[in-house]
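# Fold and contact review
Spelled out from the first residue to the last, the chains are:
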Amino acid sequence: FKVNNSAGEGVLTNVQEISSNGLDIRYTNTISQYSKITIHKDVVDNTHTMDPNTPFTFEVEMKGKDGWKIYGNNDNVQIKDGGFTEVWIDPDDARNEFRITETNTQRAWKTTYKIGKSGTETPDTSVVIDDLEKVQDIYFTNYYYDHSITVEKKVDGEELIQNAEYPFEVKFTVKDGEELL
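From a predicted model like this one, the values you see are computed outputs, not experimental measurements. (Residues numbered from 1 in each chain as written. Predicted model: local features only at pLDDT ≥ 70, side-chain atom pairs only at ≥ 80, totals over all residues. Heavy atoms only, no water.)

### Overview of the pattern of salt bridges
Evaluated as defined, the whole model comprises five salt bridges. For the salt bridge of Glu102 with Lys41, the shortest nitrogen-to-oxygen distance reads 2.9 Å. Of this pair, Glu102 sits in strand 9 (residues 97-104) while Lys41 sits in strand 4 (residues 35-45), and the two are 61 residues apart along the sequence. Take Glu102: its relative accessible area is 3%, and that puts it in the buried class. (Salt bridge = Lys/Arg side-chain N within 4 Å of Asp/Glu carboxyl O. Helix = DSSP H or I, 4+ residues; strand = E, 2+ residues; numbered from the N terminus. Buried < 20%, exposed > 50% of the residue type's maximum accessible area, 1.4 Å probe, protein only.)

This is the structure in structure tokens:
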């Protein structure tokens, strides 16, 4: 028998002719391309105490029939500040949802992600991707700040007693006005 191959972009067509009984069999194999998710890591460290070689840990999960499961061996992905890693997605899995989670933020004050370099920062350690054609780059940023507060009390008046105790109350509230206890 004789086999003719013609290659197109991403498609291989095999035509096989079996001359003994005049039968033509035609079939097309599609060579699919892998998708990839690139996870980037950045650190904003105003404390200047974070070692630049500190690894941050991520896991990549895929949602299947049985719920979320670690994708391949992507349960302990290590990325340093300024670094990135590429997670290759098998063509058969590309239509599933994927979740990327930073599992060790090294006690960051805040962690955000954004989809694409110019995306909007969202405060969270986890992102779900439901369309690999639109999402390929995820940027995670950890923020570290010095946390201190100075409270100073000034007492004004004419009849003050030297070294007397004047009680006062300090209340802390968060952004939405809720009081911290």
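### Some words on a nonpolar patch on the surface
Residues Ile149, Val151, Phe168, Val170 and Phe172 make up a contiguous nonpolar surface patch of roughly 470 Å² in combined accessible area. Tracing the chain through its elements places Val151 in the loop between strand 13 (137-144) and strand 14 (172-173). Judged by its relative accessible area of 45%, Val151 falls in the partly exposed class. (Patch = residues over 30% accessible without salt bridge, like charges linked within 9 Å, V, L, I, M, F, W, Y side chains within 5 Å. Areas by Shrake-Rupley, 256 points an atom, 1.4 Å probe, with all protein chains shown as cover.)

### Here we look at the pairing of strand 7 (residues 77-80)
The alternating pattern of strand 7 places Val77 and Ile79 on a buried face, while none of Gln78 and Lys80, on the opposite face, is buried. Here four bridges tie strand 5 (residues 55-64) to strand 7, and the two strands are oriented antiparallel to one another. Bridged to Thr57 within strand 7 is Gln78. (Pairing = 2+ DSSP bridges.)

### Observations concerning the layout of surface pockets
If a probe the size of a water molecule is rolled over the atoms, the empty space left behind becomes visible. By volume, the largest pocket amounts to about 260 Å³. If you trace the largest pocket, you find 11 residues lining it, with Ser35, Pro91, Ala94, Arg95 and Glu133 closest to the centre. The class makeup of the residues in the lining of the largest pocket is three nonpolar, three polar and five charged. (1 Å grid on protein atoms, 1.4 Å probe; cavity = no way out; pocket = protein on both sides within 12 Å on 5 of 7 lines; lining within 4 Å. Points joined across faces, edges and corners; volume = space filled by probe spheres on them. Nonpolar A, V, L, I, M, F, W, Y, C, P; charged D, E, K, R; others polar.)

### Considering the pairing of strand 4
Among the 11 residues in strand 4, eight count as buried, and that is most of the element. Here strand 4 pairs with strand 13 via eight bridges, running parallel. Residue Lys41 lies in a different strand from strand 13, and its bridge partner there is Phe140.

### A few points about the side chain of Thr54
For Thr54, the location among the structural elements is in the loop between strand 4 and strand 5. Within the structure, Thr54 has its side chain in polar contact with the backbone oxygen of Asp51 (distance 2.8 Å). What Thr54 contacts, discounting residues up to four positions off in sequence, is Ile79, Lys80, Asp81 and Gln106. (Polar contact = N/O pair within 3.5 Å; in protein donor to acceptor, adjacent residues only side chain to side chain. Contact = heavy atoms within 4.5 Å.)

### Overview of the sheet that holds strand 13
The strand order 8-4-13-10-11 describes an open sheet built from five strands, whose pairing is mixed. Because the sheet does not close on itself, it has two edges, and the strands there are strand 8 (84-89) and strand 11 (122-123). By the bridge criterion, two bridges tie strand 10 (residues 110-115) to strand 11 in an arrangement that is antiparallel. Bridge pairing links Tyr113 to Thr122 in strand 11.

### A few points about the side chain of Glu61
Here Glu61 lies in strand 5. Judged by its relative accessible area of 9%, Glu61 is buried. Reaching out from Glu61, the side chain makes a polar contact with the side chain of Arg99 at a distance of 2.8 Å. Discounting residues that sit within four places of it in the chain, Glu61 has contacts with Trp68, Lys69, Ile70, Tyr71, Glu97, Phe98, Arg99 and Thr101.

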